[in-house]
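Spelled out, the chains give:
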Amino acid sequence: MSPDLAPWLLLGIALAPWPALVFARHAWAPLAPALLALAAAIALASFNGIDPRLDLPWLLLGTGLRLDAVTGALLLMSALLWSAAAFHHAAQAGHDPRGTRFRVFFLLAMAGNFWLLLAADALGFFLGYALMGLSAAGLVAHRDTHSTRHATRAYLAFTVLGETVLFAALAVIAANAPDLRPETLRAHAGPVGAALLLFAFAIKLAAPGLHLWLPLAYRAAPAPGAAVMAGAMMKAGVLGLILFLPWDQTWFAGWSPWLMLLGITASLYGVAMGLMQTDMRTVLAYSSLSQMGWVFLIFGIEASLFLEPAPGALAAAASGTTVGAQQSALIAVLVGFAVHHGLVKGALFLVLDRVATHRLWLWPLGLLALALAGAPLTSGWWAKGALKIAVEPVMPGLGPWLMAATAATTLLMARLLYLAFRTPATGAAPILDRAAIGPLIVTAAVLLLPLWLAGATRPEALGALPVLLALGLAAIVAYAPPGFLRQRVRTLPPGDLPALLWQEWRLRRPRLAAANMQRPDWREHLPSPIRARAPRPAGASMSHWARGGALLLSLIVLAALSAWLGTGPS
C-alpha cells in the first residue's frame, strides 16, 4: 500500500463514526466504523518510520491530524476495543427499547475518542476529549434506573469539572505560546497551567479523591460501555499527560516526590478499597484506580531525572545514555503499560458479562485476571518487567515496592475470581454464540500481546514470586473459617469513604431539618407587603437544574479568570 494514502486513512478513521449515526436504529451500525478504524490503524502500523500528517487549515482555527508511535499504539488498542464492544452489543441488543439511544451515544463517544487520538493540536484534542466525555454519560444512563441516574449525575459532575479545568489549563498555557501544537504547549507550560492539567487529567484517571464517579459509572454502564470506558476512554488521560504535561522541563523536577507519592497512594488505596467490595464491576473499578497509580509513578520518575543531585543523569552517564533517552524509554514503557491495561480491562468487562451465562467462562476470566496481576508470560509480566528495568537505574529503591504492588493487584484479582465463582450461572445462552465473538477476540489479543511487548524487556525482569505469594495468601483466606473476613473488614459502598460520609450526612439531614423548622421565622416580624416579597426560608433549596446551572456558571467564570490571569505580554 502506498504511503501517500496514509493521510487519507487518518481522515477516514476520524470521520468513520459520523455516517453511522444515520443508521443508529440498526444494532450493527457501530460495528462498521469500528472495524474500518481497526483496519486503517493496522495499515498505518505497517508504514514503518512514517508519521503521517494531514493539515486542515479550513477547519476551526486551523487544525490537522497526525499519527506517531505513541498515538498509533493507543489507536490500535482503542479500535480493537471499540470493535469488540460493538460486536458484543449488536449480538445482545435484541429488542432493547433504548438500543438506538445507546448506539447514538456509543458512536459519538467513539468519534470523540478517535479524534483526540489523531488531533495535531490542543484545540482538536480538547474538542474530541469533551465530545467523548459528555457522550459517555449516555452509556452510563442507559438502563434508566434510580441507581444509573445517580451514577450519571456523579459522572457528569466530575466530567464537566475536568473538562472546564482542562480548557482553563490549555488557555493559560496557550496565552504565551506561538501555536497550539502539543510540544509547543509543553515547552511553554508554567506551574499554574501544569497544576490545572494535572488536576483535569487526574479526574479522568480517577486519582484518589477524584475517583468517586468511577465505581458508580462502571457498575451502571452495560458491558460494552464499561469496556470502552475502562479501556479506551480512560487512556485519553494518559495521552493527555504525555502530550501536555511538562515532564521534560527542569523546573518540573520539584514535583517528582509528590507525583510518586500520588502514584503509590493510588495503587494501595485502590487495592484496599477494592478488597472490601461485593460487586465484581466495582472491584474492577478500584483495580483501575490502583493500576493508574503506576501512571503517576512513571511521570514522577520522569521528573526526577532533573533533580539535583540527579540520580537519573548519573545513571545515564554511567550507562552511556542521555537523560532524553531515558525519558523516551519511560514513555515507551508507559505506552506499553497503557495498551496492556486497556486491552485486559476491556476484555474483563466483556468476559464478565458472559460469566453469568456459563461457568466455563471462568477460565478466560482467570487468564485475564492473571494477566492484569502480572503472572509469568502474560502481558502484565512483560509490561511490569519493562517498568522495573526502566526504573531501577533511576530509583533503585522502588523495586521492592513494584513487587508489593504486583502482589496487591493479585489479591484484588483473587477477590474478583472469588466473587465470580460464587455467582450462579443462568445458562440462558449457549456457551459460544454471536455474543461470544467480541470477548473472545479481545481475549485473544491479550494473549498475543506479549509478542508485541517481548522486545521491551527480559522475561526474567519480574519474577513470579509476588504473584505466587499473593495467590497463597488468597488461598489461606479462602479456606479460613466462615466469617473470618466479615468480622474484621467492613464492606464499603461504591465510592468508599466519601460515600460513607455522604450516607451519614443524609441520615443526619432530617434531624437538622427538624431542628431548623423549630426556629422562629424572622419574616413573621415584617409588615405584610414586605413579607410577601421576602426571600425563602433557609430550609428551602434550589432545584437540581438550578444548582447545576450555578455550578457550571461558576466553572466558566473560573476558567475565564484563569485564562485572563495566565496571559502575559506578547
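Keep in mind that what you see is a predicted model, and the values were worked out from it rather than measured. The residue numbers shown here count from 1 along each chain, following its written sequence. Since the coordinates come from a predicted model, pLDDT governs what is reported: local features require at least 70, and pairs of side-chain atoms require 80 or more to be given and counted, while whole-chain, interface and lining totals use all residues. Computation of side-chain values: all heavy atoms of the structure, hydrogens and water removed.

Caption draft 1: Spotlight on the overall build of the protein. A tally of regular secondary structure across the protein gives 24 helices and two strands. Residues classed as buried in the protein amount to 54% of the 570 residues present. Should any heavy atoms of two residues lie within 4.5 Å, those residues are counted as being in contact. Here the analysis covers contacts within the protein between residues at least 6 apart in sequence; of these, 80% occur between residues at least 24 apart. Strands are runs of DSSP state E lasting at least 2 residues, helices are runs of H or I lasting at least 4, and numbering of each runs from the N terminus. Each residue is placed in one exposure class: buried if its accessible area under a 1.4 Å probe, protein chains only, is under 20% of its type's maximum, exposed if it is over 50%, and partly exposed if it falls in between.

Caption draft 2: Representation of a nonpolar patch on the surface in the model. Within the patch definition used here, like charges are joined within 9 Å and nonpolar side chains (Val, Leu, Ile, Met, Phe, Trp, Tyr) within 5 Å, considering only residues with over 30% relative accessible area and no salt bridge. To be clear on the numbers: accessible area is Shrake-Rupley with a 1.4 Å probe, and residue cover counts the displayed protein chains and nothing else. A pairing counts as a salt bridge when a side-chain nitrogen of Lys or Arg comes within 4 Å of a carboxyl oxygen of Asp or Glu. Nonpolar side chains collect at one region of the surface, where Leu360, Trp363, Ile431, Leu432 and Leu440 lie side by side and expose about 550 Å² of accessible area between them. Structurally, the position occupied by tryptophan 363 is in helix H17 (residues 362-373). On the basis of relative accessible area, tryptophan 363 is assigned to the exposed category, the value being 65%.

Caption draft 3: View of the pairing of strand E2 (residues 63-66). Where burial is concerned, the two faces of E2 agree: the one with Thr63 and Leu65 and the one with Gly64 and Arg66 are both buried. Here, strands pair whenever DSSP counts at least two bridges between them. Across four bridges, strand E1 (residues 53-56) lies against E2 in antiparallel orientation. Across the sheet, arginine 53 pairs through a bridge with arginine 66, a residue of E2. Between E1 and the antiparallel strand that follows it, E2, lie six residues; leucine 60 among them carries a positive phi value of about 55°.

Caption draft 4: Highlighting the pattern of salt bridges. Applying the stated rule across the entire model yields six salt bridges. Of the charged contacts in the structure, one is a salt bridge between arginine 53 and aspartate 55, with a shortest N-O distance of 3.0 Å. Here aspartate 55 falls in the exposed class, since its relative accessible area comes to 51%. Of the charged contacts, one joins glutamate 183 and arginine 181 as a salt bridge, the two residues approaching to 3.7 Å between their closest N and O atoms. One network of salt bridges, with partners in common, ties together Asp179, Arg181 and Glu183.

Caption draft 5: A look at the environment of arginine 98. As for its position among the elements, arginine 98 is in the loop between helix H4 (69-92) and helix H5 (99-118). With residues near it in sequence (within four places) discarded, arginine 98 still touches His142, Arg143 and Asp144. N or O atoms closer than or at 3.5 Å make up a polar contact, with two conditions inside protein: a donor-capable atom paired with an acceptor-capable one, and, for residues adjacent in sequence, both atoms drawn from side chains. Here arginine 143 takes part through its backbone oxygen, which lies 3.3 Å from a polar atom of the side chain of arginine 98.

Caption draft 6: Up close: the packing of helix H6 (residues 122-140) against helix H11 (residues 223-233). Every angle, taken between N-to-C directions, lies between 0 and 180 degrees, and every axis is a line fitted to C-alpha atoms, over only the stretch in contact when it is a helix. In contact at an axis separation of 10 Å, H6 and H11 are set at 155° when each is read in the N-to-C sense. By the criterion of interaxial angle, the relationship of H6 to H11 is roughly antiparallel. As H6 runs across H11, the sense of the crossing is left-handed. In contact with Met132, Ala136, Leu139 and Val140 of H6, H11 contributes Gly225, Val228, Met229 and Met233. Polarity classes work like this: nonpolar for Ala, Val, Leu, Ile, Met, Phe, Trp, Tyr, Cys and Pro, charged for Asp, Glu, Lys and Arg, and polar for all others, with Gly in that last group. In the contact of H6 with H11, the residues fall into seven nonpolar, one polar and no charged. Roughly parallel refers to an angle under 35 degrees, roughly antiparallel to one over 145, roughly perpendicular to one between 65 and 115, and oblique to any angle outside these ranges. By convention, the crossing between two helices is left-handed when the near helix turns anticlockwise from the far helix through less than a right angle, and right-handed when the turn is clockwise.

Caption draft 7: Focus on the packing of H17 against helix H19 (residues 399-422). Relative to each other, H17 and H19 sit at 165°, their axes nearing to 8 Å. Comparing their axes, H19 and H17 come out roughly antiparallel. In this structure, H17 meets H19 at a crossing whose hand is right-handed. Where H17 approaches H19, its residues Leu362, Leu365, Gly366, Ala369, Leu372 and Ala373 are matched on the opposing element by Thr406, Thr409, Thr410, Met413, Leu417, Ala420 and Phe421. The residue inventory of the contact of H17 with H19, partitioned by class, reads nine nonpolar, four polar and no charged.

Caption draft 8: Highlighting the side chain of serine 304. Mapped onto the fold, serine 304 is located in helix H14 (residues 280-304). Of the polar contacts made by the side chain of serine 304, one reaches the backbone oxygen of isoleucine 301; its length is 2.6 Å.

Caption draft 9: Summary view of the packing of aromatic side chains. Two rings from Phe, Tyr or Trp (for Trp, the six-membered ring) form a pair when their centres are within 6.5 Å of each other. A pair whose planes differ by under 30 degrees is stacked, one over 60 is edge-to-face, and the rest are tilted. What the rule picks out here adds up to 16 aromatic pairs. The interplanar angle of 80° and the centroid separation of 4.9 Å between the aromatic rings of tryptophan 82 and phenylalanine 106 together place this pair among those described as edge-to-face. Here tryptophan 82, found in helix H4, pairs with phenylalanine 106, found in helix H5; they are 24 residues apart in sequence, far enough to count as distant. Here tryptophan 82 matches phenylalanine 106 in class, with each residue buried. Both rings, one in tryptophan 381 and one in tryptophan 382, keep their centres 5.8 Å apart while their planes meet at 65°; by these two values the pair is edge-to-face. Each member of the pair, tryptophan 381 as well as tryptophan 382, carries the same accessibility label: buried. An aromatic cluster of at least three residues, connected via ring pairs, comprises Phe125, Tyr129, Phe201 and Phe244. Only Lys NZ and Arg CZ are tested; either one counts as a charge over a ring when it is within 6 Å of the ring centre and within 35 degrees of the ring normal. In this structure, lysine 204 is placed above the aromatic ring of tyrosine 129, and the distance from its NZ or CZ to the ring centre is 5.3 Å. Positioned above the aromatic ring of phenylalanine 421 is the side chain of arginine 359, whose terminal nitrogen or guanidinium carbon lies 5.0 Å from the ring centre.

Caption draft 10: Summary view of helix H10 (residues 213-220). The buried count for H10 comes to seven of eight residues, which makes it a mostly enclosed element. Along H10, the positions that sit buried rather than exposed are Trp213, Leu214, Pro215, Leu216, Ala217, Tyr218 and Ala220. Packed against the buried residues of H10 are H6, helix H7 (146-174), helix H9 (191-204), H11, H14 and helix H16 (323-355).

Caption draft 11: Spotlight on the nonpolar core. We define the nonpolar core as a collection of buried residues of types Ala, Val, Leu, Ile, Met, Phe, Trp, Tyr and Cys that are connected through side-chain atoms lying within 4.5 Å of one another. By size, the foremost hydrophobic cluster in this structure holds 171 residues, and its most contacted members are Trp82 and Phe125. Broken down by element, the residue count for this core peaks at 18 residues, all from H16. Excluding residues that lie within four positions of it along the chain, phenylalanine 125 makes contacts with Leu116, Ala119, Leu166, Phe201, Ala236, Leu239, Gly240, Leu243 and Phe244.

Caption draft 12: Structural context of the confidence of the model for the protein. pLDDT is a residue-level measure of predictor confidence that goes from 0 to 100. In the predicted model, the protein carries a mean pLDDT of 80, and 74% of its residues have values of at least 70. Across residues 536-543 the pLDDT falls below 50, and counting only partners more than four positions away or on other chains, this stretch makes seven contacts in the model.

Caption draft 13: Structural view of the side chain of glutamate 302. Position of glutamate 302 relative to the elements: it lies in helix H14. Positive charges come from Lys and Arg alone, negative charges from Asp and Glu alone, with His and the N- and C-terminal ends not counted. No salt bridge forms around the buried glutamate 302; measuring N to O, its nearest opposite-charge neighbour arginine 186 is 9.0 Å away. For glutamate 302, the residues in contact, after removing those within four places along its chain, are Trp247, Gln327, Leu330 and Ile331.

Caption draft 14: Region of the structure containing unusual backbone geometry. Non-glycine residue aspartate 144 carries a positive phi angle of around 55°. Position of aspartate 144 relative to the elements: it lies in the loop between H6 and H7.

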